[in-house]
Amino acid sequence: MAESTSCTNIQESPVTPGKKVSRKAPPVTVSPTASPSVRTLILGIDRTGRIVQHDRTAPKILARSSDDLLGGNRAYITATQPKDGGAPVSPDKGATLVVAGLLEAIKSDREANDMISIALADGTVASSVVTARPMSAGGSDVSAFVILQIPIPSGERFIEPGLMREVLLRDSGPSDEDTLDFSDLAKKMTEQLVPAFCTAAEVLVLESLIGDNEVPAHGPDANVPLRRLHVKHDKENPAWQAAFPVGEILRFPAGSPYARSIESGAPVLETSITPEAAKKLARAWRRKPVGGLLSDTSMLVLPAISKGKVVGLFCCFRELGTRRFDRYDMEMAMDFAGRQAVFFDHATRYNREHATALTLQRAMLPTHLSYPSSIDVRHRYLPGSELVEVGGDWYESIRLPGARVALVVGDVAGHGVRAAVTMGRLRTAIQTLAMLELPPAATLQQLDELMQNIGEREPHFATCAYGVYDAVTGEIELAVAGHLPPLLVNPDGTNEYLEVAPSPPLGIIDDGVVETTRHPVEDGSLFVLYTDGLVESRDRDISEGLDRLQVAFGEGAPEKDLEDLCKTALDGVYSDAKRDDIAVLIAKLRRIPEDHRINFPLEPELSSVRQARSMIRDPLKRWGLEDLIPVTELLVSELVTNAIKYANGETLLQLILEPDRLTCEVHDTSPALPRVLQVDKDAENGRGLHVVSQLSARWGARRSQSGKVVWCEQPVPADIADAMRLAMGIEPPIFH
């Protein structure tokens, strides 16, 4: 048998020449990988189909002598097994047609494959895969090599240890690209074991490795749960798949080969499993077919050991009729198990890092979005596909004073924990900067400085689009750092990508300038921010993705539900096996109703303070806020007094009513921002902002194009707020 399994290359297998064979005939390499479950024979034939060469093992395997083979027709080696079990009938008439088809292929100078029945020397018939490969042999009669792959009888399998070792240990296991998924790992491992080493095999790992990505601190005991990752049978017997289902989490009974291997950390060899032992295991699992499948099989349980601890098991079976496992098989298989355990360790570490990054990223993404009452905002975040690590995409909607909102989307370059941490830093920074009410360009400049400081330790960069919409003026201020332009969808369904001043990404702006652009927005328009994963992929140009997004937000889009629009935006991206993570933010922009925003121009005279107090009474009465009149008069008086005293030019008083708050704003032409002074108890001036801070819920100031705005807010009584929400169709709370 050793001779028959070594015939994988004609250079290594001397041929027996016929009368007209030339030694100049070139050698041919056949199957690059020998398999212990099949044996390979090589025959040289001429253009008529006569056998003119054969390897040295052919007479021992086929039911023909060397003299009979040489000069004989290829069909002579075929046979049919009679139904009564008598001697094989040769040649097989059906095979004659197959041989004719192979010869036609050879004459056409092309390779051909088929199946034929071969008469063997032991009086049996075996189905063989036959490959006819045309050859150019100079003056030789050989016009083609015929390669026969014949199954080895069960009793002769697994008797060539050198060949089994070569198959088990070649390439040291799965390739690097397959070492990150436990299921793929297990499939590759069982394919190495079956049929080279055993007739069936299963791979099990500790459930803690899959569920928690953790190796137990102490060695596992027999009661530890394991998950079956894969099972393979050499004949794809469905009974094995049913009795040993993939994905099952199970515990093994004490004293079983599985339990003994887990507890000892050593391989366990069962030369033959007794029917009683097989039935006991079947009863423990409450699966009767297990007893029949394992009865009288030879079993080898191999522990996968990583860092001194058992992390899984390789279970190998040889069915009745094949050679039983022995000590040499066990030693050979433990070499295999030791090599494969390394890949389990790699997968565990990768999954742990991936889970850490994903948890970190989810913790850093916003749990809710805030926005003014007239605006509606929805979002979607889609993690990258399984082949891509966690990314750094993020989004924000931050409600600002004066019925304004900051809408932000960003993308940190790279993937993994570092990208997620950087994303968290940027989110925290932009929330702080937004409350400082800086213009969008100034906000991105500050973020760039933060990224450059981070880059001193670990170089990184990010893109960002930052817009501030004012629901009073109906204008949006926009600044972009290396990011794709936002999409503005008008109420009639027309849309356009907003023109923005180009600038490098955050972290590499250096001396570059980020500019703020202003865009008027019609009531009911949609503002769409997104990251590049939505419009760009490895098999699609970014321009196609941008066009697809415009089509998705075409005619009728402004009237659709925002949740449905989020789903529409993501249509077609789920099937991408190497998709980057995606963030989408969609805002429906509407102005505050006209009767909820009132402006009072004031002259730069102290008499305007009294005029301002009288002006606010009528709108507060109309809004049902009579109880707020005294406090509001005092707040307006202090704010207007400061504006007239320290600013030159016209002053504007503005009241903005939202369901949950009343905002008073005073606009003046001075860019100097006010600050609370520490004054002496006997001082007559400097207490205005102290009064404002005590009587209002909160106050602040921001610079504007023409100067500054000082504002303060008061809460609206709950009954009036509920009535306003009902009239506006808003369900509390405003957060989403």
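Residues numbered from 1 in each chain as written. Predicted model: local features only at pLDDT ≥ 70, side-chain atom pairs only at ≥ 80, totals over all residues. Heavy atoms only, no water.

**Quick look at the overall build of the chain**
In terms of helices and strands, the chain carries 21 helices and 26 strands. Within the chain, buried positions represent 51% of all 736 residues. Once local pairs closer than 6 in sequence are excluded, the contacts in the chain between residues at least 24 apart make up 69%. Summing over all exposed atoms, the chain offers an accessible surface of approximately 33,000 Å²; the carbon and sulfur share of this is 50%. (Helix = DSSP H or I, 4+ residues; strand = E, 2+ residues; numbered from the N terminus. Buried < 20%, exposed > 50% of the residue type's maximum accessible area, 1.4 Å probe, protein only. Contact = heavy atoms within 4.5 Å. Areas by Shrake-Rupley, 256 points an atom, 1.4 Å probe, with all protein chains shown as cover.)

**Describing the sheet that holds strand β25 (residues 698-703)**
Across a sheet, strands are paired by hydrogen bonds formed along the backbone, either parallel or antiparallel in direction. On the basis of which strands lie adjacent, the open sheet formed by 5 strands has the order β22-β23-β24-β26-β25 and antiparallel pairing. In this open sheet, the two edge strands, each paired with only one partner strand, are β22 (597-602) and β25. Here the strands of the sheet are splayed against their neighbours by 15° on average, with no regard to which way each runs. Relative to strand β26 (residues 708-715), strand β24 (residues 661-668) is paired through 8 bridges, and the arrangement is antiparallel. Bridged to Leu 662 within β26 is Gln 714. Along the sheet, helix α19 (residues 629-646) contacts β22, β23 (651-658), β24 and β26; its crossing angle with β24, the most-contacted strand, is approximately 20°. (Pairing = 2+ DSSP bridges. Axes fitted to C-alpha atoms, helices over the stretch in contact; angles between N-to-C directions.)

**Here we look at the side chain of Arg 427**
Its location among the elements puts Arg 427 in helix α13 (residues 417-435). The class for Arg 427 is buried, based on a relative accessible area of 10%. With residues near it in sequence (within four places) discarded, Arg 427 still touches Met 364, Leu 365, Pro 366, Trp 394, Tyr 395 and Glu 396.

**Remarks on a positive patch on the surface**
Positive charge collects at one region of the surface, where Lys 279, Lys 280, Arg 283 and Lys 288 lie side by side. By the element assignment, Arg 283 lies in helix α10 (residues 275-285). (Patch = residues over 30% accessible without salt bridge, like charges linked within 9 Å, V, L, I, M, F, W, Y side chains within 5 Å. Salt bridge = Lys/Arg side-chain N within 4 Å of Asp/Glu carboxyl O. Lys, Arg positive; Asp, Glu negative; His and termini not counted. Charge placed at Lys NZ, Arg CZ, Asp CG, Glu CD.)

**Details of the packing of α13 against helix α14 (residues 440-455)**
Each pair of packed helices can be described by the angle between their axes along with the distance between the axes. Between α13 and α14, the shortest axis-to-axis distance is 10 Å and the interhelical angle comes to 145°. For the element pair α13 and α14, the recorded crossing hand is right-handed. When α13 is examined against α14, the residues Thr 422, Arg 425, Leu 426, Ala 429, Ile 430 and Leu 433 are found in contact with a partner set consisting of Thr 443, Gln 446, Leu 447, Leu 450, Met 451 and Ile 454. Along the lines of polarity and charge, the residues of the contact of α13 with α14 split into 8 nonpolar, 3 polar and 1 charged. (Left-handed = near helix turned anticlockwise from the far one by under 90°. Nonpolar A, V, L, I, M, F, W, Y, C, P; charged D, E, K, R; others polar.)

**Topic: the packing of α19 against helix α20 (residues 688-695)**
Axis separation between α19 and α20 bottoms out at 9 Å; the angle between their running directions is 145°. Crossing hand, α19 versus α20: left-handed. On α20, the residues that touch Val 631, Leu 634, Leu 635, Glu 638, Leu 639 and Asn 642 of α19 are Gly 688, Leu 689, Val 691, Val 692 and Leu 695. When grouped by side-chain class, the residues that make up the contact of α19 with α20 number 8 nonpolar, 2 polar and 1 charged.

**With respect to the pairing of strand β19 (residues 517-520)**
In β19, alternate side chains face the same way, and those of Thr 517 and His 519 are buried while those of Arg 518 and Pro 520 on the opposite face are not. Pairing of strand β16 (residues 475-481) with β19 involves 4 bridges; the strand directions are antiparallel. Considered in β19, the bridge of Leu 478 is made with Thr 517.

**Description of the sheet that holds strand β15 (residues 462-470)**
A sheet is described by the order of its strands in space; here 5 strands give the open sequence β13-β14-β15-β16-β19, paired in antiparallel fashion. Either end of the sheet is taken by a strand with one partner, and the two such strands are β13 (391-400) and β19. Strand-to-strand twist of the sheet, defined as the mean angle between neighbouring strand axes without regard to direction, takes the value 15°. Where α13 meets the sheet, it contacts β13, β14 (404-415) and β15, and its direction lies at approximately 15° from that of β13. Running over the sheet, α14 touches β15 and β16 and is turned about 25° from β16.

**Here we look at the pairing of strand β7 (residues 226-233)**
The buried count for β7 comes to 7 of 8 residues, which makes it a mostly enclosed element. As judged from the 7 bridges shared by strand β6 (residues 200-206) and β7, these two strands associate in the antiparallel manner. Paired with Leu 206 across the two strands is Leu 226, which belongs to β7. Sheet topology note: the β7/strand β8 (residues 249-250) ladder contains 2 bridges and is antiparallel. Along β8, the bridge assignment pairs Arg 227 with Ile 249.

**Comments concerning helix α9 (residues 257-264)**
Along α9, the residues that are buried comprise Pro 257, Tyr 258, Ala 259, Ser 261 and Ile 262. Once α9 finishes, Gly 265 follows within two positions and takes phi at roughly 70°, a positive value.

**Some remarks on the confidence of the model for the chain**
Residues at a pLDDT of 70 or more form 84% of the chain, whose mean pLDDT is 82. Scored below 50 in pLDDT, residues 1-34 shows 77 contacts in the model against residues more than four places distant or in partner chains. (pLDDT = per-residue confidence, 0-100.)

**A look at the nonpolar core**
One finds Leu 193, Phe 197, Phe 244, Tyr 258, Leu 294, Phe 314 and Phe 344 to be the most contacted residues of the largest nonpolar core, which totals 60 residues. Ranked by residues supplied to this core, first place goes to helix α12 (residues 327-364) with 9 residues. When near neighbours in sequence (up to four residues on either side) are disregarded, Phe 344 contacts Phe 182, Leu 185, Met 189, Val 203, Val 205, Leu 229, Ala 304, Val 311 and Phe 314. Counting 56 residues, the second largest nonpolar core, distinct from the first, contains Ala 406, Val 408, Ala 481 and Ile 592. (Core = buried A, V, L, I, M, F, W, Y, C linked by side-chain atoms within 4.5 Å.)

**Side note on the side chain of His 233**
Position of His 233 relative to the elements: it lies in strand β7. Only 3.1 Å separates the side chain of His 233 from the backbone nitrogen of Lys 235, close enough to count as a polar contact. Of the polar contacts made by the side chain of His 233, one reaches the backbone nitrogen of Asn 237; its length is 3.5 Å. Sequence-distant contacts of His 233, defined by excluding residues within four places in its chain, comprise Val 194, Thr 199, Ala 200, Trp 240 and Glu 319. (Polar contact = N/O pair within 3.5 Å; in protein donor to acceptor, adjacent residues only side chain to side chain.)

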